[in-house]
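Structural overview for review
Spelled out from the first residue to the last, the chains are:
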Amino acid sequence: MGFKNYKEDIKWVCSKCGSRLKEERVRLVYLGGNFEVDLLKCPHCNLVLITEKLAQGKMLEVEKNLEDK
């Protein structure tokens, strides 16, 4: 299942305020690394949904690169 199908099949809502999440380009700062990605974000609370795919993909890659330094 790709991310596109994942987004179409599930209507995500914010756990804090109940608003429907919308896709936006956000800047992530993680362990000193900066990157921009399109993620689901609450338009009211600004909470961002970090998917398992992102956490185990790009973020894990950044973490491993920093550990190798």
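Scroll up for the structure.
Here goes a summary of the coordinates provided. Not measured: the values here are computed from a predicted model.

Analysis parameters
Residues numbered from 1 in each chain as written. Predicted model: local features only at pLDDT ≥ 70, side-chain atom pairs only at ≥ 80, totals over all residues. Heavy atoms only, no water. Salt bridge = Lys/Arg side-chain N within 4 Å of Asp/Glu carboxyl O. Helix = DSSP H or I, 4+ residues; strand = E, 2+ residues; numbered from the N terminus. Buried < 20%, exposed > 50% of the residue type's maximum accessible area, 1.4 Å probe, protein only.

1. A few points about the pattern of salt bridges
Within the structure shown, the criterion is met by 3 salt bridges. Among the salt bridges present, the one from Lys41 reaches Glu24, with a minimum N-O distance of 3.6 Å. Residue Lys41 is located in strand S2 (residues 33–41), and its partner Glu24 is located in strand S1 (residues 22–30); the two are separated by 17 residues in the primary sequence. By relative accessible area, Lys41 is classed as buried at 17%. For Glu24, a relative accessible area of 31% puts it in the partly exposed group. The closest approach of N and O atoms between Asp38 and Arg25, which form a salt bridge, is 3.4 Å. Taken together, the residues span a long stretch of sequence, with Asp38 in strand S2 and Arg25 in strand S1 at a distance of 13 residues. Since its relative accessible area comes to 33%, Asp38 is described here as partly exposed.

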